[in-house]
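# A structural walkthrough
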Amino acid sequence: MIDTNDSVDEVKREGVQMSSSPNGETGNLGLRVVYSVEGDFDEVGLIYGLKLGNDPITEDDMVQDRAEGNKYINLYPGTEAGHLDVNMNTSTTASYYSRTMIIATNKVKAYYTSEYLVRAYAKRGDTIIYSDVMSYTIENVAASVYNGGLMSTYAGHKAIYDQILNKLGGYDEVDYKWSQNLVNN
């Protein structure tokens with residue numbers, strides 16, 4: 001049974017973040033998808049898709065039974081390491097999870113500009129509940145995080161520009177927003 005109509009109440013994709021030290025590895029960039037589930041489930045996780053080729057995947061393909069045998073779709077069950085002990089939104093009863101993918105450097109432009117799809121899922125018995133599908137490119141996420149000054153460190157801010165945006169061209173270097181870290185009592 002697939003239920004996509006009631007999914008927003010139980011499975012939600014919260015958003016994406018970038019990290020300059022994914023899995024404790026400095027010098028790399030990572031793209032983290034955060035999602036939440038309300039209730040008890042046997043399995044939770046993410047479905048990632050890559051829109052490439054002459055017959056690209058669609059949002060309708062982003063379900064578990066279409067992932068098997070499809071080289072453009074992968075399932076990533078949640079793990080204890082991905083379970084977050086923090087509240088990432090307004091729900092105090094949800095369990096929050098994340099999955100971080102390392103962003104490779106020195107890739108061709110298409111790697112950063114290709115469209116990816118991601119959706120969270122939760123499985124209880126034969127029932128699978130899905131979140132909405134998010135479409136993104138590494139370039140768009142990097143530009144939003146960089147231009148919005150959303151990296152927590154200057155090193156991370158600079159890494160996004162040096163490792164992604166500057167290589168793609170068309171982006172101006174912007175100052176890090178140091179004032180975001182000030183406390184004024």
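Starting from 1, residues in each chain are numbered consecutively following that chain's sequence as written. Residues qualify for local features only when their pLDDT is at least 70, as the model is predicted, and side-chain atom pairs are given and counted only at 80 or more; totals for whole chains, interfaces and linings, by contrast, use all residues. With hydrogens and water set aside, each side-chain value is computed from the structure's full complement of heavy atoms.

Below, the discussion takes up the overall build of the protein chain. A tally of regular secondary structure across the protein chain gives four helices and ten strands. Taken from the N to the C terminus, the helices and strands of the protein chain come in the order β-β-β-β-α-β-β-β-α-β-β-β-α-α. Relative to a compact globule of 185 residues, whose C-alpha radius of gyration would be 16 Å, the protein chain shows 18 Å and is just as compact. For the C-alpha atoms alone, the extent of the protein chain along its principal axes is close to 50 × 50 × 25 Å. Going along the chain from the N terminus, every DSSP run of H or I of four or more residues is numbered as a helix, and every run of E of two or more is numbered as a strand. With the radius of gyration taken over C-alpha atoms, the globule rule is written as 2.2 Å times the number of residues to the power 0.38.

Convention adopted: a line fitted to C-alpha atoms gives each axis, helices being fitted over their contacting stretch, and angles between N-to-C directions are expressed from 0 to 180 degrees. Closest axis-to-axis distance for the helix α3 (residues 138–147)/helix α4 (residues 154–168) pair is 10 Å, and the angle between their directions is 135 degrees. By the angle between their directions, the pair α3 and α4 is classed as oblique. Two packed elements cross with a definite hand, and for α3 against α4 that hand is left-handed. Between α3, through I138, E139, A142, A143, V145 and Y146, and α4, the contact on the second element is made entirely by H157, I160, Y161, I164, L165 and L168. Here the contact of α3 with α4 is built from residues that sort into ten nonpolar, one polar and one charged. Comment on the angle field: the value is read as roughly parallel under 35 degrees, roughly antiparallel over 145, roughly perpendicular from 65 to 115, and oblique elsewhere. Crossing handedness is read from the near helix: turned anticlockwise from the far helix by less than a right angle, it gives a left-handed crossing, and turned clockwise, a right-handed one. Pairs of residues are marked as contacts when any of their non-hydrogen atoms sit within 4.5 Å. Gly is placed with the polar residues, together with every amino acid not listed as nonpolar (Ala, Val, Leu, Ile, Met, Phe, Trp, Tyr, Cys and Pro) or charged (Asp, Glu, Lys and Arg).

With that out of the way, let us pick up the nonpolar core. Joining through side-chain atoms within 4.5 Å is the link that ties buried Ala, Val, Leu, Ile, Met, Phe, Trp, Tyr and Cys residues into a set, and such a set is a nonpolar core. Only protein chains enter the accessibility calculation, which uses a 1.4 Å probe; a residue is then buried when its area is under 20% of its type maximum, exposed when over 50%, and partly exposed in between. Counting 34 residues, the largest nonpolar core has M18, I103, Y136, I160, I164 and L165 as the members making the most contacts within it. Mapped by element, the contributors of at least two residues to this core are β2 (11–19), β3 (29–37), β4 (43–51), β7 (95–103), β8 (115–124), β10 (134–136), α3 and α4. Dropping the residues within four chain positions of it, Y136 is found in contact with L31, Y48, S114, E115, Y116, V118 and V141. One finds M62, V63, I73 and L117 within the second-largest nonpolar core, a separate group that totals eleven residues.

Take the pattern of salt bridges next. We define a salt bridge as a contact between a side-chain nitrogen of Lys or Arg and a carboxyl oxygen of Asp or Glu at a distance within 4 Å. Applying the stated criterion to the full structure yields five salt bridges. Two residues, E10 and R124, come together in a salt bridge whose shortest N-O distance is 3.8 Å. Residue E10 is located in the loop between β1 (2–3) and β2, and its partner R124 is located in strand β8; the two are separated by 114 residues in the primary sequence. Look at E10 and you get partly exposed, because its relative accessible area is 26%. Overall, R124 belongs to the partly exposed group, its relative accessible area being 37%. Close ionic contact of D162 with K158 constitutes a salt bridge, the shortest N to O distance being 3.2 Å. Residue D162 and its partner K158 are both found in helix α4; the two are separated by four residues, about one turn of the helix. What makes D162 partly exposed here is its relative accessible area of 33%.

Purely geometric numbers; function is a separate question.
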